[in-house]
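Structural characterization, general
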2 protein chains.
Amino acid sequence: MNQNMVNQKLRAVVVGGGFGGMQAAQSLSKMGLDTLLIDRNNYNTFVPLLYQVAAGQIEPAKIAYPLRTIIRRSKNLRFLMDEVRHINFSDQLIETTDAVIPYNFLVLATGSQTRYLGVPGADQHAFSMRNLNEAIAIRNHILSCVEQANCETDERLRQQLLTFVIVGGGATGVELAGTLVELKRVFKKDYPDLDVRQVRIILVQSHNTLLGDLPPALGRYALRKLIRIGVKVRLESRVSEVTPTSVRLESGERISSATVIWTAGLEAARPSVSDNLKTASKGKLVVHPTLQLEHHPNVYVIGDLAYVKDLDPPLTGVAPEALQQGVAVARNIKRQMQCRIPKPFNYFNKGRLAIIGCYSGVGKIGPVLLTGFLPWLMWLLVHLVYLPGFRSRLLVLASWFHSYLLGDRTVRLILNHTHSSRLPLTKSSENIVQDSH
Amino acid sequence: MNQNMVNQKLRAVVVGGGFGGMQAAQSLSKMGLDTLLIDRNNYNTFVPLLYQVAAGQIEPAKIAYPLRTIIRRSKNLRFLMDEVRHINFSDQLIETTDAVIPYNFLVLATGSQTRYLGVPGADQHAFSMRNLNEAIAIRNHILSCVEQANCETDERLRQQLLTFVIVGGGATGVELAGTLVELKRVFKKDYPDLDVRQVRIILVQSHNTLLGDLPPALGRYALRKLIRIGVKVRLESRVSEVTPTSVRLESGERISSATVIWTAGLEAARPSVSDNLKTASKGKLVVHPTLQLEHHPNVYVIGDLAYVKDLDPPLTGVAPEALQQGVAVARNIKRQMQCRIPKPFNYFNKGRLAIIGCYSGVGKIGPVLLTGFLPWLMWLLVHLVYLPGFRSRLLVLASWFHSYLLGDRTVRLILNHTHSSRLPLTKSSENIVQDSH
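Residues numbered from 1 in each chain as written. Chains lettered and ligands numbered in written order. Predicted model: local features only at pLDDT ≥ 70, side-chain atom pairs only at ≥ 80, totals over all residues. Heavy atoms only, no water.

Structurally, the position occupied by B:V411 is in the segment after α12 (390-405). B:V411 sits in the buried class, given a relative accessible area of 1%. Distance in space between the C-alpha atoms of B:V411 and B:K62 is 12 Å, their sequence separation being 349 residues. Every residue in contact with B:V411, bar those within four places of it in the chain, is listed here: A:A61, B:G56, B:I58, B:E59, B:R139 and B:L143. (Helix = DSSP H or I, 4+ residues; strand = E, 2+ residues; numbered from the N terminus. Buried < 20%, exposed > 50% of the residue type's maximum accessible area, 1.4 Å probe, protein only. Contact = heavy atoms within 4.5 Å.)

What follows is about the sheet that holds strand β8 (residues 100-102) of chain A. Residues and elements named next belong to chain A. Taken together, 3 strands build an open sheet; the order of strands is β6-β7-β8 and the sheet is antiparallel. Two strands lie at the open edges of the sheet, namely β6 (84-88) and β8, each paired on one side alone. Here the average twist between neighbouring strands, direction ignored, is 20°. The pairing of strand β7 (residues 93-96) with β8 spans 3 bridges and is classified as antiparallel. Among the inter-strand pairings, I94 is bridged to a residue of β8, identified as I101. (Pairing = 2+ DSSP bridges. Axes fitted to C-alpha atoms, helices over the stretch in contact; angles between N-to-C directions.)

Moving on, we get to the nonpolar core. By size, the foremost hydrophobic cluster in this structure holds 126 residues, and its most contacted members are A:L226, B:I94 and B:L106. Per-element tally for this core: the top contributor is helix α6 (residues 132-150) of chain A, with 9 residues. Core analysis: the second largest hydrophobic core is formed by 122 residues, A:I70, A:V287, B:V53 and B:V233 among them. (Core = buried A, V, L, I, M, F, W, Y, C linked by side-chain atoms within 4.5 Å.)

A probe as big as a water molecule, rolled over the atoms, marks out the empty space that is left. Scanning the model with the defined rule gives 11 cavities of 30 Å³ or more in all. Volume-wise, the largest cavity comes out at about 120 Å³. Looking at the largest cavity, it is lined by 19 residues, and the ones nearest its centre are A:L143, A:D190, A:Y191, A:R412 and B:N42. Taken together, the residues of the lining of the largest cavity sort by class into 11 nonpolar, 2 polar and 6 charged. Size it by volume and the second largest cavity reaches roughly 60 Å³. (1 Å grid on protein atoms, 1.4 Å probe; cavity = no way out; pocket = protein on both sides within 12 Å on 5 of 7 lines; lining within 4 Å. Points joined across faces, edges and corners; volume = space filled by probe spheres on them. Nonpolar A, V, L, I, M, F, W, Y, C, P; charged D, E, K, R; others polar.)

All names here are of chain A. Across the sheet, which stays open at both edges, the 5 strands sit in the order β11-β18-β12-β13-β14 with parallel pairing between neighbours. Both outer strands of the open sheet, β11 (127-128) and β14 (232-234), are each paired with one neighbouring strand and no more. Taken together, the 2 bridges between β11 and strand β18 (residues 259-262) define a ladder with parallel strand orientation. When the bridges of β18 are listed, S128 appears paired with W262.

A word on the pattern of salt bridges. Two side chains with opposite charge may pair up if their charged atoms get near one another. All names here are of chain A. Scanning the entire structure with this criterion turns up 22 salt bridges over all chains. For R234, the salt bridge identified is with E253, shortest N-O distance 2.5 Å. Pair noted here: R234 is in strand β14 and E253 is in the loop between β16 (246-249) and β17 (254-256), with a separation of 19 residues, a long-range link. Residues participating in the shared-partner salt-bridge network are K278, E294 and K309. (Salt bridge = Lys/Arg side-chain N within 4 Å of Asp/Glu carboxyl O.)

Let us now look at unusual backbone geometry. With omega at 0°, the peptide bond leading from A:D312 into A:P313 counts as cis. Summarising the element assignment, A:P313 is placed in the loop between β23 (306-308) and α10 (319-337). Phi is positive for B:Q92, which is not a glycine, with a value near 55°. Looking at where B:Q92 falls in the secondary structure, it is placed in the loop between β6 (84-88) and β7 (93-96).

Once that is clear, we can look at the side chain of A:S112. Residues and elements named next belong to chain A. Residue placement: S112 occurs in strand β10 (residues 112-114). In this structure the side chain of S112 is engaged in a polar contact, spanning 2.3 Å, whose partner is the side chain of R130. A distance of 2.7 Å separates the side chain of S112 from the side chain of D304, its partner in a polar contact. When residues no more than four places from it in sequence are discounted, the contact partners of S112 are R130, L266, E267, A268, A269 and D304. (Polar contact = N/O pair within 3.5 Å; in protein donor to acceptor, adjacent residues only side chain to side chain.)

Take α6(A) next. All names here are of chain A. When the terminal C-alpha atoms of α6 are compared, their 27 Å separation across 19 residues agrees well with the 27 Å that a helix rising 1.5 Å per residue should span. With 16 of 19 residues buried, α6 is to be regarded as a mostly interior element. Capping of α6 at its N-terminal end is provided by N131; its side-chain oxygen lies 3.2 Å from the backbone amide nitrogen of N133. (Expected span 1.5 Å × (residues − 1).)

The next thing to look at is the pairing of strand β15 (residues 239-243) of chain A. All names here are of chain A. Both β15 and β16 contribute to a ladder of 4 bridges, which runs antiparallel. Each bridged residue has a counterpart across the sheet, and for V239 the counterpart in β16 is L249. Connecting the antiparallel pair β15 and β16 is a turn made up of 2 residues.

The subject of this paragraph is the environment of A:T290. Residues and elements named next belong to chain A. Positionally, T290 belongs in the loop between β20 (285-287) and β21 (292-293). T290 sits 34 residues away from S256 along the chain, and the two C-alpha atoms are 49 Å apart. Sequence-distant contacts of T290, that is, excluding residues within four places in its chain, are made with Y300, N332, P342, K343, P344 and F345.

What follows is the structure, given as structure tokens:
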């Protein structure tokens, strides 16, 4: 029913408004190609700062950039807030909830989603932190746990409420662990009756090192640092079960905890398509070095959804990769329109930074490894520069001053909780019960 | 089970952390009395700016002040986030979801809630705007309606999506109507394909004048102003039915609309108590001029929950009244502790201001009536000054610059929507259907 609006001169459609998709849409429209960007949300999420939303450090709106603001600047770009249901390659049609949209060129950038690796209970009881709503849910939950712990007289239940388990020792897990340690300072101010030394932060990592994408020396530094600031790190440990009140490790150990945050795995968020496509690990779609889908030269795949053949070193799933792919796709589509052959994608690696927290970070710029305060500061500055929107940048900077210099947190709202019986302290809103180990 | 924490030296308990309750708790603790503040939320909501949250003008966290921040400043003040289930006057006990709390003095400040006046469907299908969650829900809904209207080809459905009906011509209704008119400018920028002239804002008022609490001349000014900026005002009209897709008036007229916001009535949010208490209109509890509950000299009632006997002129339910009552209650409790007789409450009226929008407001300062830009500016300044938190003040000021000078809105996130079939365009998440009149 909505074809009228979108199919008049339509040429390129980009599905997904993350880093890659947003960049592709902008680059395509700059080339003068009529472009439609589709996303289920009306905003782009600045994912690297999600963990700060989860920790009450910055307000959600600051890292959510309205996709329509991009459109204002580009004459050839349209936006549709809708969910893609199916893509028909042979007819070159995209079926959304509300429309059927034809395309000449298609860019798939639907990203990834949390993968619970088949661990029983993880899906229902562990928090995922992949989007804004999930980050807000984590914030509400953590603050509710501490509220309830503050007036809980049962020692074991209080310890359960104050134990936060993070599964996964990649950048996200390390960031979260660090920021929760920082949050203890705020709890100390807000809850004079509470012994904040009871707050336990446990990081569970399956490998024998942290930050696997970075050189081992940096992972070792992160490990030492986290231990020093009080995080309990369990290396070479895997989770075998998650319940509303506990995590069980494969070693048999059971950790009593009301909060499990799962950062351990992701898989491609593949849209439903008409063809059987070749997939690589984590369900990623295999694409030619030019980012074109096999047998579908007018379909490009980028970001977390794509596995690029013959690329050495392989991509690690960070934002700059997706951004550069977005630009490359637009260039290749332009070449195709000029009847020239698309070029292979090459990733120019400017370096990697990871933040640990408590004024510490690690980084690799060219061959140089950095640890400590400098990469921490660089991480903040780089992310500030890349954050879309001048106003958001200023406000996030203000929030950082507030949290890093004044040791406070600005966002401590517990929103949207139901208060029917007790606080909804588990993801599935079940009550806290004494676990029976 | 939680008595240990709270009953050691406890003397005064304040139920409700709104304007009145927050002020009472602060004043009581300043007097040196051990005080416990109970609220179901961990923040105080700055209600006068709720409508700006609903209109995407400011972020929710800016008008939500963490109640624990107050506690940091006062040694004698404790906070409990909990829901009060029942109050037993004879045993002087408060039963919450998690605890039983004894008190010597009790201040009830549980405020008010929306009253739908028995109109069929209003409860299910009309939005209320009494708290932060409700304001966010309205924001999400309005933005979703416009998103969907933007790609709706059916003329009648599009008109339904773009018709916003506000029920109630008091300050809240007038504010909302004005800010929705301002919002049209943003839609014009964001939706180049949409004819924003189709956006209809309809204000339904039962009386023959707007702003009933203010002198008639100001109500007439507000009426002329709203009509001039494009709001359709229906005076002497009452709503007889609300459906997911329409509002029916008592005149028989049916307005096709996906959005009905109900600001027309409120009633006291009375806690469950052991005694049968005397109530006045809107279910308010009748209190002596000293704000003491009849037959219960150690129980005080303030704010929207209280009807103060023999007070002339009667109170109108604005924030300064509750704030002054909070101070008065603390003074009277101190007098009681010194075995002196409590004093009657007197409201010192500094004036009234109401904002209309589009740079217009009205006001009454002493005998002087103001209309136009000056009271608009005064309204903003006064509310900025009274907003708790220095940082929030700066940020709200920044947001206002953004919206009033740049004609933009900063918060355009549609959060927490489910996208299972179509947009959740009605309060009850039912689908838009063609109404059959």
